[in-house]
Amino acid sequence: MALINPKKKEVQVKIVYYGPGRGGKTTNLEYINKKFKSRIKSEMVTVKTYNDRTLFFDFLPFDIGVIKGHTIKVQFYTVPGQVKYNATRKLVLRGVDGIVFVADSMELRREMNIRSLQNLEENLGSMNKNLNKIPLVLQYNKRDLAKEGIPLLSIETMEEDLNKTLNAPSFPASAVVGDNVAETMKKIISLTVSSLKKKLDVGEEK
Amino acid sequence: MAKNDEFSLTQELDEALEDFFSEEDSKAMLDKKTASAKTSTKKNKTVAKADDEESVLSLDQSSQLDVSGANLEKIKAIVLQLEWEITDETMESFIAEVEALTQIYKGDDHALPLLKVLDTLSRYVNKNKVKSHPEAIKCLRSVFDALEKIFTTKGMADKQRKSIVDTELERYNSLKNQLTEKAPKATSNIERIAKVSGTVSAKELKQFLVDEIRKAIQEEFQKIRKELSNH
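Rules behind the numbers
Residues numbered from 1 in each chain as written. Chains lettered and ligands numbered in written order. Predicted model: local features only at pLDDT ≥ 70, side-chain atom pairs only at ≥ 80, totals over all residues. Heavy atoms only, no water. pLDDT = per-residue confidence, 0-100. Helix = DSSP H or I, 4+ residues; strand = E, 2+ residues; numbered from the N terminus. Buried < 20%, exposed > 50% of the residue type's maximum accessible area, 1.4 Å probe, protein only. Pairing = 2+ DSSP bridges. Contact = heavy atoms within 4.5 Å. Polar contact = N/O pair within 3.5 Å; in protein donor to acceptor, adjacent residues only side chain to side chain. Salt bridge = Lys/Arg side-chain N within 4 Å of Asp/Glu carboxyl O. Axes fitted to C-alpha atoms, helices over the stretch in contact; angles between N-to-C directions. Parallel < 35°, antiparallel > 145°, perpendicular 65-115°, else oblique. Left-handed = near helix turned anticlockwise from the far one by under 90°. Nonpolar A, V, L, I, M, F, W, Y, C, P; charged D, E, K, R; others polar. Core = buried A, V, L, I, M, F, W, Y, C linked by side-chain atoms within 4.5 Å.

Caption draft 1: Structural detail: the confidence of the model for chain B. Of all residues in chain B, 64% have pLDDT values of 70 or greater, and the mean over the chain is 71. Per-element mean pLDDT across chain B ranges from 40 in helix α2 (residues 26–52) of chain B up to 87 in helix α5 (residues 111–128) of chain B.

Caption draft 2: Quick peek at the pairing of strand β2 (residues 10–18) of chain A. Residue and element names in this part refer to chain A. Counting buried positions along β2 gives eight out of nine residues, so the element sits mostly inside the fold. For strand β1 (residues 3–5) and β2, the ladder comprises three bridges, and the chain directions are antiparallel. Its bridge partner being in β2, I4 is matched across the sheet by V11. As consecutive antiparallel partners, β1 and β2 are separated by four residues, and within that stretch K9 has a phi angle of approximately 55°, a positive value. Bridge analysis of β2 against strand β5 (residues 70–78) gives eight bridges, and the strand direction is parallel. Across the sheet, residue Q12 finds its bridge partner in β5, namely K73. Sheet topology note: the β2/strand β6 (residues 98–104) ladder contains four bridges and is parallel.

Caption draft 3: Spotlight on the environment of I188 of chain A. All names here are of chain A. Summarising the element assignment, I188 is placed in helix α6 (residues 181–205). For I188, a relative accessible area of 0% corresponds to the buried category. In this structure the C-alpha to C-alpha distance between I188 and V16, which are 172 residues apart in sequence, comes to 9.9 Å. Apart from the residues within four sequence positions on either side, I188 is in contact with I15, F76, G98, I99, V100, P135, L136 and V137.

Caption draft 4: Local environment of the side chain of D58 of chain A. All names here are of chain A. Along the chain, the position of D58 falls in strand β4 (residues 54–67). For D58, a relative accessible area of 0% gives the class buried. At 2.5 Å, the side chain of D58 and the side chain of T26 are in polar contact. Polar side-chain contacts of D58 include one of 2.5 Å to the side chain of T78.

Caption draft 5: Main features of the pattern of salt bridges. Residues and elements named next belong to chain A. All told, the structure shown has ten salt bridges over all chains when counted by the stated rule. Note that K142 is salt-bridged to D104, the shortest N-O span being 2.7 Å. Separated by 38 residues along the polypeptide, K142 in the loop between β7 (136–141) and α5 (155–163) and D104 in strand β6 bring together distant segments of the chain. You'll find K142 and D104 in the same group, each marked buried. With its nearest N and O atoms 2.6 Å apart, the salt bridge here joins R110 to D161. You can see R110 sitting in helix α4 (residues 110–125) and its partner D161 sitting in helix α5, a full 51 residues away along the chain. Taking relative accessible area as the criterion, D161 reaches 23% and is therefore assigned partly exposed.

Caption draft 6: Spotlight on the packing of α4 of chain A against α5 of chain A. Residue and element names in this part refer to chain A. Two elements in contact, α4 and α5, have axes whose closest approach is 10 Å; the angle formed by their N-to-C orientations is 30°. The orientation of α4 with respect to α5, classified from their angle, is roughly parallel. The element α4 and its partner α5 pack so that their crossing is right-handed. Only T157, M158, D161 and L162 of α5 make contact with α4, whose side of the interface consists of R110, N113, I114 and L117. Considering only residue class, the contact of α4 with α5 consists of four nonpolar, two polar and two charged.

Caption draft 7: Layout of helix α3 (residues 86–93) of chain A. Inspection of α3 of chain A places T88, R89, L91, V92 and L93 of chain A among the buried residues, and these make up the whole buried set. Following α3 of chain A by one or two positions, G95 of chain A has its phi on the positive side, about 75°.

Caption draft 8: Looking closely at the nonpolar core. Core analysis: the biggest nonpolar cluster contains 36 residues, and I32, F62, F76, M185 and I189 of chain A together with F21 of chain B have the highest contact counts within it. Broken down by secondary-structure element, the contributors of at least two residues to this core are β2, α1 (25–35), β4, β5, β6 and α6 of chain A together with α1 (2–20) of chain B. Among the elements that make up this core, the one with the highest residue count is α6 of chain A (seven residues). Ignoring any residue separated from it by four or fewer positions in sequence, one finds F76 of chain A in contact with I15, Y17, L29, D58, F59, L60, F62, M185, I188 and I189 of chain A. L101, L114, A146 and V165 of chain B belong to the second-largest nonpolar core, a separate cluster that totals 32 residues.

Take a look at the structure:
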């Protein structure tokens, strides 16, 4: 549910980074916040537990500029990946306009990726939203671990497990190094704003 | 038509995203912005000159103000530039030009108070950048305009000069009062998030967090109890 302020000519969209715990959602936002600090001009808010896990969520807002005469403000959220924090995930998902699903490429995490995606679908369903209809980008994170000899899932396997029916754009990435982190973010912003424009056009026609 | 519209939106959006996420280092990006702001400043200046020709002498035409005229010219460019962006670089050169003028006019009873106000305001804006009180930039511009008028209007009577200075000092004092009276209430991260989010209210979020913390504490206690009973 994007917020549109016709007076101020502002459009505010909400994008949520979703995925299993320890998958690298926070690292994605931290990388962007650090790399483009001078352009972001706002603070990233992170609420962490004693062992450095996201307890509630991370929040990073910034403006990407003026498009078609409207200032586009984007708010990024992450959700806590741990299973027990489903209530927080639901709260953060409220009013979401676009989602990045950050999957963990480690072989050991295959099951968790699938469960987390199912959980996303269920949570969206409880809000009468459909994962197939919401702007979505998949990110297969931690590809850098291959160099360290850690067994990783192949991209084909991950596509088969997670993206077979969704057919969403996907990126192999490394949030720690920064590979494809900005590309993932650019893609989701682009999809979300275009989808919003389409919705508004349909609304106007009606 | 709709397709064309969609194409141009995508193109505009892609360009904005390329710009935002470009690998070009942020310093170079800032320099580029400053350069484009300067170009616009030049255009604005030409228009402003044409408008003001009747009552105020152009800085270039003022023969008695060769030295300070150059400083004023630089300050004027920076004041116009502040409409676009406030950077460390612009504010530092602003402060330097004001300091230079203060040296030249240290014996001038009318110019000196205005220069002091400019100095204070520019330091405030430099520190707070875009978070500065919106009136601060307006006040800074107004004080500069007054200063320029005093310097460049031929044969201005002392009484008129004093009246201009008093008006600006009054404006500055009123801003100072606003800034000291209403120190903004510190807002927590939660309030800040709720305020900008628009999808969750601060009250709702706080209650939710309190419940979650309570649950987490209860769970921890249960674990401890369980461990103790096992021993």
